[in-house]
Amino acid sequence: MDIRKSFLEYFQSKGHKLVESSPLVPDDPTLLFTNAGMVQFKNIFTGDAPVPNPPRATSSQTCIRAGGKHNDLDNVGYTARHHTFFEMLGNFSFGDYFKKEAIAYAWEFVTGSEYLALPVEKIWVTVHDSDDEAYDLWKTHISEERIMRFGDKDNFWQMGDTGPCGPCSEIFYDQGEEHFNSPEDVMGGEGDRFLEIWNLVFMQYERDEKGELHPLPKPSIDTGMGLERVVAIKEGKFNNYHSSLFMPLLDAIGKLVGKPYDYDAPNSASYRVIADHVRSVSFLLAQGVNFDKEGRGYVLRRIMRRAIRHGYLLGLREPFMYKLVDALVEVMGDHYGYLKTKSEAIKTSMKLEEERFFDTIEAGIKLFNQELEKMTDTFNGEVAFKLYDTFGFPLDLTEDMLREKGIKLDIDTFNAKMEAQKAQSKANWKGTGDAATSGDFKQLKEQFEVNEFVGYETTETTTKVL
Ligand code: ATP
Ligand code: MG
Ligand code: MG
Ligand code: MG
């Protein structure tokens, strides 16, 4: 079953216009990356852009959650359900239908025999504490024992610190008792038995910089369903990474490492982290983001260097990420044509970044291990700074390495060193005024020219309608 296609066709049959995925770098300074399907519609929800005709849309949106409000970077490899890059299927109503239809559509798509056809008794839903209306609507579809109420933490959704938001209602799939926990413990929490598949957001407010809520011009609907999670369920896999979207990547990694992926092996998380990161890094590069010392390009570098370190843990000692791009294109290139056309440029860029980090990673890891042996209760912030400054270990990479060992970092010392360096380089900058001649700048420029995003001419998905 082609779930993406089935979803988009279902909502088109209900009067929704098909809209293509918007870029991963949003036209919105308040957001690091596009983290949900609603991002491209933000101004319509707030009333800053006109309501399109028809006032309904559906999309399959590529998302990155590796920073900002929704950050899943630390979950990757450790939970069965999180990726830094994933696809969110969504249906949207711009002041048109509201809760009743949103719930009825979701129910039909999840349980209907021509659609996902998930067994009714495995579906659970949540609503916001205060939302009797949603509760009563769900009662017409599902037995009351499987409707739960939660507070803001779980059932109030917002894009970021500011922007459209509202109470929400989520749909969960019960993966079976063997995965433990009671619904109260795990829905919206970190358990694995109840897997969240779909969030229906009842968009009613806009949050301003002061944190205050203002009603939107009209109540609207924004939903998001994780494609990878549903694919895994339909393929009978408990772990997203064991579905057909990821297995070819895990297999390709196994070939490079010389040991096939084995879930029960102690190092299996490294395989999953690499499989995840090759997706996010490839898509970001394909869309014109480049490795950089700051901003979005630095987030990209952080993701890449985490992946490289996991390759190192698996025994790899030379560039390998770029060798996984073909496997990714094999899985996703038909739908995302630009991935295919950009694949050579992606590889070139990746390889360069890998060469850079492989130059210093060995010495950095040695320093890290030496400090581990020496330290008493916290990891020295000065060493973390040296790792950052001399060996190219982003702070979050060092933190990730420490987390694996349950060790805390002396972050204050790190920050103090960082501040001092910034002040110093500001002073130097004034002195020479000539950054354009530095090697790094040239390299970035070269990469940028290789990688400029050309847009979506090559996708076979949809046409832009809004
Ligand atoms: P979770 O509680 O599992 O972290 P969420 O509540 O943060 O998910 P939403 O913001 O509600 O997720 O996003 C809508 C849907 O997108 C989710 O129901 C899920 O199916 C999917 N999704 C969210 N984050 C991820 C991720 N990191 N990887 C894969 N799918 C995701
Ligand atoms: Mg989350
Ligand atoms: Mg959740
Ligand atoms: Mg959610």
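Not measured: the values here are computed from a predicted model.

When helices and strands are counted, the protein chain shows 17 helices and 11 strands. The burial tally for the protein chain puts 40% of its 466 residues in the buried class.

So, about the site of ligand 1. Neighbouring ligand 1 are 19 residues; D72, F86, N199, G224 and G226 lie closest to it. At the level of secondary structure, the elements contributing two or more residues to the shell around ligand 1 comprise β3 (85-93), β8 (194-207), β9 (213-226) and α7 (227-234). Of the residues forming the shell around ligand 1, the biggest block, four residues, is contributed by β8. In terms of residue class, the shell around ligand 1 is made up of six nonpolar, seven polar and six charged.

Okay, unusual backbone geometry next. For the bond running from N53 to P54, omega is 0°, close enough to zero to count as cis. Along the chain, P54 turns up in the loop between α2 (42-46) and β2 (56-64). One non-glycine residue, A117, adopts positive backbone phi at about 55°.

By secondary structure assignment, the location of G166 is in strand β7 (residues 163-174). G166 gets classed as buried once you count the C-beta atoms within 10 Å, which come to 24. Taking the C-alpha atoms as reference points, G166 and N155, separated by 11 residues in sequence, lie 8.5 Å from one another. Excluding anything up to four places from it in sequence, G166 contacts W157, V201, F202, M203, Q204 and Y205.

Moving on to the domain arrangement of the protein chain. By a widely used convention, the size of an interface equals the accessible area lost when the partners come together. By domain assignment, the protein chain separates into domain 1 (3-234), domain 2 (246-374) and domain 3 (377-432). The C-alpha centroid of domain 3 is placed 23 Å from the C-alpha centroid of domain 2. Across the contact, 12 residues belong to domain 2 and 13 residues belong to domain 3. Looking at the side of domain 2 that touches domain 3, the elements with two or more residues in it are α10 (295-313) and α13 (343-374). Looking at the side of domain 2 that touches domain 3 element by element, the count peaks at seven residues for α13. Residues that form the side of domain 2 that touches domain 3 fall into these classes: four nonpolar, two polar and six charged.

Counting buried positions along β7 yields 11 of 12 residues, so the element is predominantly enclosed. Here four bridges tie strand β4 (residues 123-128) to β7, and the two strands are oriented antiparallel to one another. Looking at the pairing, W124 lines up with F172 of β7. The pairing of strand β6 (residues 156-158) with β7 spans three bridges and is antiparallel. By the bridge assignment, F156 is partnered in β7 with P167. A loop of four residues connects β6 with β7, the two strands running antiparallel in sequence.

What follows covers the environment of P52. When you line up the elements, P52 lands in the loop between α2 and β2. A tally of 16 C-beta atoms within 10 Å means that P52 is categorised as partly exposed. Note: C-alpha distance between P52 and F94 (42 residues apart in sequence) is 8.1 Å.

G381, V383, A384, F385 and L387 are the residues of helix α14 (residues 381-391) that are buried. Following α14 by one or two positions, G392 adopts a phi angle in the positive range, close to 70°.

Let's shift gears to the pairing of β2. The buried fraction of β2 is high, at nine of nine residues. Both β2 and β3 contribute to a ladder of nine bridges, which runs antiparallel. For Q61, the partnering residue across the bridge sits in β3 and is M88.

Let us look at helix α15 (residues 395-405). Listed in full, the buried residues belonging to α15 are L397, T398, D400 and M401. Across the axial projection of α15, the buried residues extend over an arc of 155°, all falling on one side. The inward-facing, buried residues of α15 contact α10, α13, α14 and β11 (408-409). Among the residues trailing α15, G406 stands out with phi positive, at a value near 65°.

Looking at the secondary structure, you find F320 in the loop between α10 and α11 (325-332). Each C-alpha atom of the pair F320 and K255 lies 11 Å from the other, and the pair is 65 residues apart in sequence. The residues contacting F320, other than those within four sequence positions of it, are L256 and G311.

Two elements in contact, helix α3 (residues 99-111) and helix α4 (residues 132-139), have axes whose closest approach is 10 Å; the angle formed by their N-to-C orientations is 40°. Classified by the interaxial angle, the pair formed by α3 and α4 is oblique. Crossing geometry of α3 relative to α4 is assigned as right-handed. Residue-level contacts link K99, K100 and I103 of α3 to E133, A134, L137 and W138 of α4. For the contact of α3 with α4, the residue count by class is four nonpolar, no polar and three charged.

Parameters at a glance
Each chain carries its own residue numbering, running from 1 in the written order of its sequence. To read the labels, note that chains go from A and ligands from 1, taken in the order they are written. With pLDDT at 70 or above as the cut-off, local features in this predicted model cover only qualifying residues; side-chain atom pairs require 80 or more to be listed or tallied, and sums for whole chains, interfaces and linings still use all residues. Secondary structure elements follow DSSP: runs of H or I of four or more residues count as helices, runs of E of two or more count as strands, with numbering from the N terminus. Exposure criterion: with C-beta atoms placed from backbone coordinates, a residue whose C-beta has 20 or more other C-beta atoms within 10 Å is buried, one with 12 or fewer is exposed, and one in between is partly exposed. In this analysis a residue is considered near a molecule or strand if the C-beta atom, reconstructed from its backbone, is found within 6 Å of that molecule or strand. Here the nonpolar group is Ala, Val, Leu, Ile, Met, Phe, Trp, Tyr, Cys and Pro; Asp, Glu, Lys and Arg are the charged ones; every other residue, Gly included, is treated as polar. Whether two residues are in contact is decided by their C-beta atoms, placed from the backbone, lying within 7 Å. Residue ranges for the domains originate in an automatic or database domain assignment. DSSP bridges decide pairing: two strands pair if at least two such bridges lie between them. This arc corresponds to the set of directions leading from the helix axis out to the C-beta atoms. Here an angle of 0 to 180 degrees is reported between the N-to-C directions of two axes, which are lines fitted to C-alpha atoms, with helices fitted over the stretch in contact. The scheme is simple: roughly parallel for angles under 35 degrees, roughly antiparallel for over 145, roughly perpendicular for 65 to 115, oblique for anything else. What makes a crossing left-handed is the near helix being turned counterclockwise from the far one by less than a right angle; a clockwise turn instead makes it right-handed.

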